[in-house]
Structure formats: C-alpha cells, structure tokens
Amino acid sequence: MPTLNLYTNVPVDAVIASDILRDATKAVAKILGKSESVLYHICCTYSVISIERCLAIFSSNFISVVQYVMILINGGVPIAFAGTEAPAAYGELISIGSLGPSVNGKLSSTIAEILQTKLLIDSSRFYIKLYDVEVIY
C-alpha cells in the first residue's frame, strides 16, 4: 500500500485537509499506476475510451479503485526549512515497487502543486523522500 505522510508548518483545517487527501490520493494512485488495471477493466467493460472519462463516469466508485493508497497530513508542525519558518512542507512516500526515475519527478511535482494550490506553500519549500521497499516473505 503506497503511503504518503505529509507534514507542514501551515495550520490545516478540516476542509482543506479533505481536499488535500482527495487530490493526493488520486494523484498517487494514478502516477504509481496502482489504479490503472482496475480502471482499465472497468473502462473496457463499459466501453469507455479514456481513464479520465472512466473516472468521470465512475467517480462514485473511485474509493474502491484507490483503496490501497494511504495519505496522512499533519498541519501546524514546527518546521524550519532553509533557515526560516516560512510556510514549508516535508513528505515521505513509501511504496512497494512502482518508484523510479520515470515517476519520482512526477510524484514530487504533483504533490508540490497540490500543496501550492491548497496551502500556498512554494514548491521550493517542499522536500519529499521516496522509499521503494522490497517485499519480504
């Protein structure tokens, strides 16, 4: 289960938190490809051409599609970044597989964009660590 932990020194109210959780869940699922096979199956079953169109049609079922993505957000955390306490954020994304050069930049920039839009945190004040862990049996 991909898990994204976000920490910010910006206070986060319940409405904004809900928006961030929704947007980050969709973004992580899409970028990591965790939902593509399920969406592809749904779209083929109903003869829908694009994933985006499929999401629009089946948005009420989206929660079951991204059931294996977890997002946590912690607002109002004391953070100093580059020597100041200006709005900043730190994230850690842990995934079993799916990470690598082709997706890491996209993940980082997409999460940074969500934080810029919702919390006005400049992307230069966001740092994310990505952990690609192996399955151990």
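Everything discussed here concerns the structure shown above.
We now turn to the structure provided with this report. (Residues numbered from 1 in each chain as written. Predicted model: local features only at pLDDT ≥ 70, side-chain atom pairs only at ≥ 80, totals over all residues. Heavy atoms only, no water.)

## Points about the pattern of salt bridges
- Tallying each qualifying case throughout the model produces three salt bridges.
- Among the ionic pairs, Asp19 bridges to Arg22, the shortest N-O distance being 3.3 Å. With Asp19 and Arg22 both in helix H1 (residues 14-32) and three residues apart, this pair spans about one turn of that helix.
- Overall, Arg22 belongs to the partly exposed group, its relative accessible area being 38%.
- Between Lys118 and Asp23 there is a salt bridge; the shortest N-O distance is 3.5 Å. With Lys118 in helix H5 (residues 101-119) and Asp23 in helix H1, this pair connects stretches of sequence that are 95 residues apart.
- By relative accessible area, Lys118 is classed as partly exposed at 23%. (Salt bridge = Lys/Arg side-chain N within 4 Å of Asp/Glu carboxyl O. Helix = DSSP H or I, 4+ residues; strand = E, 2+ residues; numbered from the N terminus. Buried < 20%, exposed > 50% of the residue type's maximum accessible area, 1.4 Å probe, protein only.)

## Details of the sheet that holds strand S2 (residues 70-74)
- The four strands are arranged S2-S1-S3-S4 in an open sheet whose pairing can be described as mixed. Each of the sheet's edge strands pairs with one partner strand only, and the pair in question is S2 and strand S4 (126-133). Between one strand axis and the next, the sheet turns by 10° as a mean value, whatever way the strands run.
- Direction of pairing for strand S1 (residues 3-8) relative to strand S3 (residues 89-96): antiparallel, over a ladder of six bridges. (Pairing = 2+ DSSP bridges. Axes fitted to C-alpha atoms, helices over the stretch in contact; angles between N-to-C directions.)

## Here's the deal with the nonpolar core
- By size, the foremost hydrophobic cluster in this structure holds 27 residues, and its most contacted members are Leu4, Leu6, Val28, Leu93, Ile111, Leu115 and Phe126.
- Among the secondary structure elements, those contributing two or more residues to this core are S1, H1, S2, S3, H5 and S4.
- For this core, the element with the highest residue contribution is H1, accounting for eight residues.
- When neighbours within four sequence positions are excluded, Leu93 is seen to be in contact with Thr3, Leu4, Val28, Leu32, Leu99, Leu107, Ile128, Lys129, Leu130 and Tyr131. (Core = buried A, V, L, I, M, F, W, Y, C linked by side-chain atoms within 4.5 Å. Contact = heavy atoms within 4.5 Å.)

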